[in-house]
Amino acid sequence: MTMAETRLEAVKLDGAGPVYDQIRRAIRDLILNGVWSPGTSVPPEHALMEQLGASRMTVHRALVQLAREGLITRRRRSGTIVASPPASHAMLDILSIPDEVRGLGQTYAYEILSRRDGRPSAELASHFGLKRSERVAHLVTLHFSSGQPHVLEERVIHLATVPAAAEEDFKETPPGDWLLQHSLWSQAEHAISAIAAEAEEARLLAIEAGTACLLVERRTWNQGAPVTAVRLLYPGTRHRFVGRFGPYGQV
């Protein structure tokens, strides 16, 4: 078996989620686990299509996303290779809250408390830095860990960038996970701060008003077009964030 055939044979799909994302994850894991080292040639699109039974568009979408993540370098004439790690790289992962809860050994549940689609109010526009002319889906979601409030989420989704969100009721999948499955992002901005819970926030989180909370604010874009903005409010006494970093920002 040639090296090219060996590399192709290594790409295994797990059957979970959209096919393009299965391909992306399979190749990403081979890179991050050191199976494919920097400079390794990635199998060409036509070979991946034949091996995985996927369309050219599906394979292309997976490779484009990997390139945006900095894991591969695509060259018109010499093909696609595994990228060399940057000298430094540190960012917070965009995590699945259900996975976060289950990783703690707890049972996950969520409730959509409110939703409103359309142009934002002046208060909401100011809150999230929106233009009043933009159409967004504004959702408030409460996530639970074994029946206890885990995090309060307030999110806006830009419907011009993610039009499918207008028809999604999020009854089966919470908004954040749905976006991870149905949209692409190429840039992200994160901020973490400590704030005191206001009365309504405290009521929803089952804590005393004024309790210290961790506020995680995140915005994402895809090639300059805004995708979503979210505020995640965690009761400070119940949470501690731990990060591990490797040469690609993941270990």
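Above this note sits the structure.
So, here is what we can say about the structure in this document. Every value quoted in this text rests on a predicted model; they were computed, and no experiment measured them. Numbering of residues starts from 1 in each chain and follows the order in which that chain's sequence is written. Selection of residues for local features in this predicted model requires a pLDDT of at least 70, selection of side-chain atom pairs for listing and counting requires 80 or more, and totals for whole chains, interfaces and linings are taken over all residues. Derived side-chain values reflect all non-hydrogen atoms in the structure, with water molecules and hydrogen atoms excluded from consideration.

Some details on the overall build of the protein chain
Assigned secondary structure in the protein chain consists of 8 helices and 8 strands. Partly exposed residues are those whose accessible area sits between 20% and 50% of the maximum for their type, while under 20% is buried and over 50% is exposed, using a 1.4 Å probe and protein chains only. When each of the 251 residues of the protein chain is scored for burial, the buried share is 43%. Excluding contacts between residues fewer than 6 apart, the proportion of contacts in the protein chain whose partners are at least 24 apart in sequence is 60%. A run of H or I in DSSP becomes a helix once it reaches four residues, and a run of E becomes a strand once it reaches two; helices and strands are each numbered from the N terminus. Here, residues are in contact when the closest pair of their heavy atoms is within 4.5 Å.

A word on the sheet that holds strand β6 (residues 187-196)
Consider a sheet: its strands pair through backbone hydrogen bonds, and that pairing is either parallel or antiparallel. Read from one edge to the other, the open sheet built from 6 strands follows the order β3-β4-β5-β8-β7-β6, with strand pairing classed as antiparallel. Here the strands that pair on one side only, and so sit at the sheet edges, are β3 (108-118) and β6. In this sheet, neighbouring strand axes are inclined to one another by 15° on average, regardless of whether the strands run parallel or antiparallel. Strands were regarded as paired on the criterion that DSSP finds at least two bridges between them. For β6 and strand β7 (residues 212-222), the ladder comprises 10 bridges, and the chain directions are antiparallel. What sits directly across from I192, in β7, is V216. Comment: axis = line fitted to C-alpha atoms, over the contacting stretch for helices; angle = value between 0 and 180 degrees taken between N-to-C directions.

With respect to the side chain of H143
Among the structural elements, H143 can be located in strand β4 (residues 136-145). On the accessibility criterion, H143 (1% relative accessible area) is buried. Here the side chain of H143 touches E153 through a polar contact of 2.7 Å, side chain to side chain. In this view, H143 contacts I97, Y108, A109, Y110, Q148, P149, H150, V151, E153 and P174; residues no more than four positions away in its chain are not counted. Any pair of nitrogen or oxygen atoms within 3.5 Å is treated as a polar contact; in protein, a donor-acceptor pairing is required on top of that, and neighbouring residues in sequence qualify only through side-chain atoms on both sides.

Re the packing of helix α3 (residues 45-52) against helix α4 (residues 56-68)
Describing two packed helices takes the angle between their axes plus the distance from one axis to the other. In contact at an axis separation of 9 Å, α3 and α4 are set at 120° when each is read in the N-to-C sense. Taken together, the axis directions place α3 and α4 in an arrangement best described as oblique. Note that α3 runs across α4; the crossing there is right-handed. Contact residues: E45, L48 and M49 in α3; R56, V59, H60 and L63 in α4. Reported orientations rely on four angle classes, namely roughly parallel under 35 degrees, roughly antiparallel over 145, roughly perpendicular from 65 to 115, and oblique for the rest. In this scheme the crossing of two helices becomes right-handed for a clockwise turn of the near helix relative to the far one and left-handed for an anticlockwise turn of less than a right angle.

Brief notes about α3
When α3 is considered as a whole, its buried residues turn out to be E45, A47, L48 and L52. One side of α3 holds all its buried residues, which, seen down the axis, span an arc of 160°. Of the residues in α3, the exposed ones pointing more than 90 degrees away from the buried face are H46 and E50. One or two positions beyond α3, positive phi appears at G53, with a value near 65°. Note that the arc is computed from the directions linking the helix axis to the C-beta atoms.

By themselves, these figures tell us nothing about what the structure is for.
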